[in-house]
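Chain by chain, the residues run as shown.
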Amino acid sequence: MAILRNEHHAFGPPGIPPRWTRSDKDGVGTAYSASSRVWFTVSAGILNEVYYPTIDRPQIRDLQYLITDGESLFHDERRHLDSTVAELSHHALGFRITNVEREGRYRIIKEVIADPHEACVLIHTRLDGDRSVLDKLRLFVLLAPHLNGRGWGNNGNAVEVAGREILTAHKDGTWLALGTSIPFLQRSCGYVGTTDLADNFQMDWEFDVAEDGNIALTGELDLSQGHEFTLALGFGHGLHDAVTTLFQSLGMPFAEQRKRFIEQWERVCRKIRPLEKVSSDGGDLYHRSHSLLLAHEDKIYPGAMIASLSIPWGEFKGDEDLGGYHLVWTRDLVQSATGLLASGNTDTPFRALIYLACSQRPDGGFYQNFWINGEPFWQGVQLDEVAFPILLAWRLHESDALRDFDPYPMVLKAASYLVRKGPATPQERWEENSGYSPSTLASNIAALTCAACFARDRGDETTARFLQEYADFLECHIESWTVTTDGALVPEIRRHFIRIHPVDVNDPQPDENPNRGMLLIHNRPPGSQVEFPAKEIVDAGFLELVRYGIRQASDPLIEDSLRVVDAVLKVETPFGPCWRRYNNDGFGQRDDGGPYKGWGRGRAWPLLTGERGHYDLAAGRDARRYLRALEGFAKGAGLLPEQIWDEADRPDVRIFFGRPTGSAMPLMWAHAEYIKLLRSVADGQVFDRIPAVAERYQDRRDCLPLEVWKPNRRVRSIRPGMTLRIQAPSSFRLRWTQNEWAAAHDSASTPTALGIEFVDLSVPRDQRAPIQFTFFWNDPQRWEGRDYKIELERADPT
């Protein structure tokens, strides 16, 4: 037995580091079955990645065919053949790939599905063409294992099992087995970069073993047995498990497997709402989006829905980049679940809510993102991600879809976290900056209003009133925290929303004036400006205020802010309008078409087209053009990308105006936004609008005269005539004075079910002296040891 060993490097051969694949996919597939624990992606005519046994564990990078005549012709299926991809059915996530040789002499037709009941990918293959050409062709399969998400450290073997010769790979207890319905003529286990087939059109070396490296498995198929066969890739937690899976799948005729695969998908999609009537593509993107959202739920951890089965700019990333987008973000998960609710599906959102409740941190927060087993990946905090699970719980409550699950403990803990840690967020929805964010504040106001409704339903009026009044406090400060009165982007518009008013969340007395402050943008090109006046950086996040019903679409401030956004961020593409995230953004494809590697230029995001469509609908305008734009962005593959190229075509780097960049694709947030816009257009009202929120804020004439002091936001001053609320996370007695301690008063704190207690002080309209106070903490029995002071604001003499 020949053995090829890696003698040069402990973790693999030198010179060829592992890389992932382009993220602009042509398809994402899986079986709708809990027992078929594999997911796959296809792009450029080949199988890209396969995930097993959970949706966040990629196991291979590329499975493709190599073609030669043994004399002068060598074709790499991905690079040398022209590819088209078609769906196997309206709902099923399986694909027919046709790869045609550019001179038309032969073609390879593949149907790719997952075994409906096994952890195995099946590729039914037919080789067609001129008989004189086919008789000379030799066909090889090439597989690059990346077991457990890494290219280094893989091991390959050519083995014989049950009288059949197959190829296997393994690492750390995970195994794969590659076999076909026709025999192999030759097999070899080697290292990436050492394949000899392209050099002289012959497979000169056959090695039975390749150990501890970035390996490649190669096998020649015996075409004398026919030009039609099934290739199978099975997975398991041991050699026996993987090969048993492989042969179980190959033992069933492909036609039967295909029939069952399609039936599974058709059955689960049969009851969705008929929203096709408002689309312009006959419902193609609607059905594709619905199936994709279902497919992005894990099968071992029910309810765990990841952001995308992709690794942005993956062809430039290796073992050092573990995450990709196959992680759980609560924002993306709730967007996906709400998109399914819009389609009429309550089962998956219900599982998602239970999963979130089980993933909540002990303090009530949620990690920025995490693996499907709940282990945190990035450990930042975004207050909108704490708010979104409350919104999902309320939507399921309103849909009478909570069954026997009680979300109230999760809701209370999350609401308590929002009150204790806000109003400034450590990160906003673009995950880059801390401060006062219009979009984050919108989600928090809506969530706290829903939490108040939950508390009121439980008969806890004290907690309900406290939550609602804190939401009112946030609502009354939106403009003073996030609206500049000194704008310069559009000369005639001085007052408009900004993307974020940056403050340090660890500063208990930040400068809350949105006309001041510098915003650091981290992803800018080397040597370029990275700090900008915050009042000059805008996004359209304030539209969330309209989405939930906090502000009217006709609000002049909203309309003026949109004029600024359109002047700075809007892009007209061949398919319709699209918007960039914010000005001076550096997260995206570089100007030369190169990949984002820590810096680039922010491109247009299709999901923002969906958000604008929701606004236009709320404003009484026809939103169908935004649906058409989204359908155009997804044309062909039926997948919506995170970003599209927003400049002239760059065919040299395969990037075209209005088409995907190398960012994540498909992005489930974008697909959910499309479904919600379909539903909104069909209903004639915004699906995400929350009646309880709109009823509270749409017709308000005056803000609640409430100012809040708490340990992480020690307000400096207050207007006479307002109520000062002093709150803390434990029981206390407040000693306070309105006359420089000439007279002191004691007030006991009022408890809530949130673990937060408070005292309200009425500030007389004729008050002149500052409010001063200190705390006596009831447990332990001790004084704070310092006084706090809040100055009185003077009336403007003008």
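Student: Mind showing me how you'd approach the overall build of the protein here?
Tutor: Check the secondary structure of the protein and you find 18 helices and 37 strands. When the backbone C-alpha atoms are referred to their principal axes, the protein occupies close to 105 × 55 × 55 Å. Taken across its 798 residues, the protein has 62% of its residues classed as buried. For the protein, the proportion of contacts with a sequence separation of at least 24, taken over those separated by at least 6, is 69%. In the structure as shown, the protein presents an accessible area of about 29,200 Å², 47% of it carried by carbon and sulfur atoms. Side chains of the protein give 90 positive and 111 negative charges; the mean places of these two sets differ by 4 Å.

Student: How should the nonpolar core be read in this particular structure?
Tutor: For soluble globular proteins, the rule of thumb is that nonpolar side chains tend to be buried together. The biggest cluster of nonpolar side chains holds 219 residues, and the ones touching the most others in it are Leu-47 and Leu-63. With 12 residues, helix α11 (residues 438–457) is the single largest residue contributor to this core. Setting aside anything within four residues of it in sequence, one finds Leu-63 in contact with Ile-46, Leu-47, Ile-123, Val-141, Leu-142, Leu-143, Leu-178, Leu-231 and Leu-233. Ile-718, Leu-724, Phe-773 and Phe-775 belong to the second largest nonpolar core, which has 20 residues in total.

Student: Looking at this structure, I do not really get the side chain of Ser-343. What am I missing?
Tutor: Looking at the element boundaries, Ser-343 is found in the loop between α7 (330–342) and α8 (347–359). For Ser-343, the side chain forms a polar contact with the main-chain oxygen of Leu-340, separated by 2.6 Å. Among residues more than four places away in sequence, those in contact with Ser-343 are Ile-272, Arg-273, Tyr-286, His-290 and Ile-675.

Student: Could you clarify how one ought to interpret the pattern of salt bridges in this entry?
Tutor: Oppositely charged side chains are able to pair whenever their charged atoms sit close together. In total, this model carries 60 salt bridges according to the counting rule given. Arg-603 is paired through a salt bridge with Glu-647; the nearest N and O atoms lie 2.7 Å apart. One end of the pair, Arg-603, is in the loop between β26 (576–580) and β27 (604–605); the other, Glu-647, is in the loop between α16 (624–633) and α17 (668–683), with 44 residues separating them in the sequence. We classify Arg-603 as buried; its relative accessible area is 0%.

Student: Please explain the sheet that holds strand β25 (residues 570–573) as it appears in this structure.
Tutor: Pairing between the strands of a sheet comes from backbone hydrogen bonds, and it takes one of two forms, parallel or antiparallel. With respect to topology, 3 strands assemble into an open sheet ordered β25-β26-β27, the strand pairing being antiparallel. Only two strands of the sheet have a single neighbouring strand rather than two, namely β25 and β27. With 2 bridges joining them, β26 and β27 adopt antiparallel strand pairing. By the bridge assignment, Trp-579 is partnered in β27 with Trp-605. Packing of α16 onto the sheet brings it into contact with β25 and β26, and relative to β26 it is tilted by some 80°.

Student: Whenever I open this one, the packing of α7 against helix α9 (residues 383–398) confuses me. Can you help?
Tutor: When two helices pack together, their arrangement is given by the angle between the helix axes and the distance between those axes. Two numbers describe how α7 lies on α9: the axes approach to 8 Å, and their chain directions differ by 20°. By the criterion of interaxial angle, the relationship of α7 to α9 is roughly parallel. In this structure, the crossing between α7 and α9 has a hand that is left-handed. When α7 is examined against α9, the residues Thr-330, Arg-331, Val-334, Gln-335, Ala-337, Thr-338 and Leu-341 are found in contact with a partner set consisting of Asp-384, Glu-385, Phe-388, Pro-389, Leu-392, Arg-395 and Leu-396. For the contact of α7 with α9, the residue count by class is 7 nonpolar, 3 polar and 4 charged.

Student: I'm lost on α7 in this one. Help?
Tutor: Compared with an ideal rise of 1.5 Å per residue, which puts 13 residues at 18 Å, α7 spans 18 Å between its outermost C-alpha atoms and is within 8% of the ideal. Where α7 ends, the next residue or the one after it, Gly-344, has phi of about 100°, a positive value.

Student: It is not clear to me how the packing of α9 against helix α10 (residues 408–421) should be interpreted in this structure. Could you clarify?
Tutor: The geometry of α9 relative to α10 is characterised by a closest axis approach of 9 Å and an angle of 150° between their N-to-C directions. Considering the angle they form, α9 stands roughly antiparallel to α10. In the packing of α9 onto α10, the handedness of the crossing is left-handed. Between α9 and α10, the contacting residues are Leu-383, Val-386, Ala-387, Pro-389, Ile-390 and Ala-393 on the first element and Met-410, Val-411, Ala-414, Ala-415, Tyr-417, Leu-418 and Lys-421 on the second. Residue composition of the contact of α9 with α10, by class: 12 nonpolar, no polar and 1 charged.

Student: Can you walk me through the environment of Tyr-417 in this structure?
Tutor: With respect to the helices, strands and loops of the structure, Tyr-417 is situated in helix α10. The buried category is assigned to Tyr-417, whose relative accessible area is 4%. For the pair Tyr-417 and Val-386, spaced 31 residues apart in sequence, the C-alpha separation works out to 7.8 Å. For Tyr-417, the residues in contact, after removing those within four places along its chain, are Arg-361, Asp-363, Gly-364, Gly-365, Val-381, Leu-383, Val-386 and Gly-422.

Student: Is there a simple way to explain unusual backbone geometry in this structure?
Tutor: Only a minority of non-glycine residues have a phi that is not negative, and only a minority of peptide bonds are not trans. Here the amide bond leading from Tyr-52 into Pro-53 is cis, since omega sits at -15°, within 30 degrees of zero. Structurally, Pro-53 is set in the loop between β4 (46–51) and β5 (58–68). A cis amide bond, omega 0°, links Met-665 with the succeeding residue Pro-666. Position of Pro-666 relative to the elements: it lies in the loop between α16 and α17. Phi is positive for Ala-162, which is not a glycine, with a value near 55°. On the secondary structure map, Ala-162 appears in the loop between β12 (154–161) and β13 (164–171). Accessibility expressed as a relative area gives 72% for Ala-162, which makes it exposed. For Asp-400, which is not a glycine, the phi torsion comes out positive at approximately 55°. Relative to the helices and strands, Asp-400 is located in the loop between α9 and α10. Here Asp-400 falls in the exposed class, since its relative accessible area comes to 72%.

Student: Please explain the confidence of the model for the protein as it appears in this structure.
Tutor: Of the residues in the protein, 96% reach a pLDDT of 70 or more, and the chain-wide mean stands at 94. Below pLDDT 50 for its whole length, residues 1–15 participates in 37 contacts with residues either more than four positions away or in separate chains.

Student: Whenever I open this one, the environment of Ile-726 confuses me. Can you help?
Tutor: As for its position among the elements, Ile-726 is in strand β30 (residues 723–728). When its relative accessible area of 0% is taken as the criterion, Ile-726 is described as buried. It is 8.0 Å that separates the C-alpha atoms of Ile-726 and Leu-761, two residues lying 35 residues apart in sequence. When neighbours within four sequence positions are excluded, Ile-726 is seen to be in contact with Trp-709, Phe-732, Leu-734, Glu-757, Phe-758, Val-759, Leu-761, Phe-773 and Phe-775.

Student: Whenever I open this one, the environment of Glu-461 confuses me. Can you help?
Tutor: Mapping Glu-461 onto the fold places it in helix α12 (residues 461–482). In this structure the C-alpha to C-alpha distance between Glu-461 and Thr-752, which are 291 residues apart in sequence, comes to 9.6 Å. Within the structure, the side chain of Glu-461 is placed 3.4 Å from the side chain of Arg-456, a separation counted as a polar contact.

Student: So what exactly am I meant to see when it comes to the sheet that holds strand β28 (residues 706–709) here?
Tutor: If you trace the 4 strands from one edge of the open sheet to the other, you get β28-β30-β34-β33, paired in mixed fashion. If you trace the sheet from one side to the other, it starts and ends with β28 and β33 (750–751), each paired once. Of the pairings in the sheet, the one linking β33 to strand β34 (residues 757–762) comprises 2 bridges and is antiparallel in character. Among the inter-strand pairings, Pro-751 is bridged to a residue of β34, identified as Glu-757. Across the face of the sheet, α12 comes into contact with β28, β30, β33 and β34 while running at roughly 100° to β28.

Criteria and thresholds
- Residue positions are given per chain, counted from 1 along the sequence in the order it is written.
- Predicted model: local features are reported for residues with pLDDT of at least 70 only, side-chain atom pairs are reported and counted for 80 or more only, and whole-chain, interface and lining totals are derived from all residues.
- The side-chain numbers reported here are obtained from all heavy atoms of the structure, hydrogens and water having been left aside.
- Counting from the N terminus, the helices are the DSSP runs of H or I reaching at least four residues and the strands are the DSSP runs of E reaching at least two.
- Each residue gets one of three labels from its accessible area relative to the maximum for its type: buried under 20%, exposed over 50%, partly exposed in between, using a 1.4 Å probe on protein chains only.
- In what follows, residue pairs with any heavy atoms lying within 4.5 Å of each other are defined as contacts.
- The method behind every accessible area is Shrake-Rupley, applied with a 1.4 Å probe, and residues are considered shielded solely by the protein chains displayed.
- The charge count includes Lys and Arg as positive and Asp and Glu as negative, but it does not include His or the ends of the chains.
- In this description, the location of a charge corresponds to atom NZ of lysine, CZ of arginine, CG of aspartate or CD of glutamate.
- As used in this record, nonpolar core signifies buried Ala, Val, Leu, Ile, Met, Phe, Trp, Tyr and Cys residues forming a set joined through side-chain atoms within 4.5 Å.
- Any pair of nitrogen or oxygen atoms within 3.5 Å is treated as a polar contact; in protein, a donor-acceptor pairing is required on top of that, and neighbouring residues in sequence qualify only through side-chain atoms on both sides.
- Salt bridge, as applied in this entry: a Lys or Arg side-chain nitrogen positioned within 4 Å of an Asp or Glu carboxyl oxygen.
- What makes two strands pair is DSSP finding at least two bridges between them.
- To obtain each axis, a line is fitted to C-alpha atoms, and for helices this fit is confined to the stretch in contact; angles are then taken between N-to-C directions over 0 to 180 degrees.
- Oblique is the label for any angle not covered by the other classes, which are roughly parallel (under 35 degrees), roughly antiparallel (over 145) and roughly perpendicular (65 to 115).
- A clockwise turn of the near helix away from the far one marks a right-handed crossing, whereas an anticlockwise turn of less than a right angle marks a left-handed crossing.
- Residues are grouped as follows: Ala, Val, Leu, Ile, Met, Phe, Trp, Tyr, Cys and Pro are nonpolar; Asp, Glu, Lys and Arg are charged; all remaining types, including Gly, are polar.
- Take the number of residues in a helix, subtract one, and multiply by 1.5 Å to get its expected span.
- As a per-residue measure, pLDDT tells how confident the predictor is, with possible values from 0 to 100.

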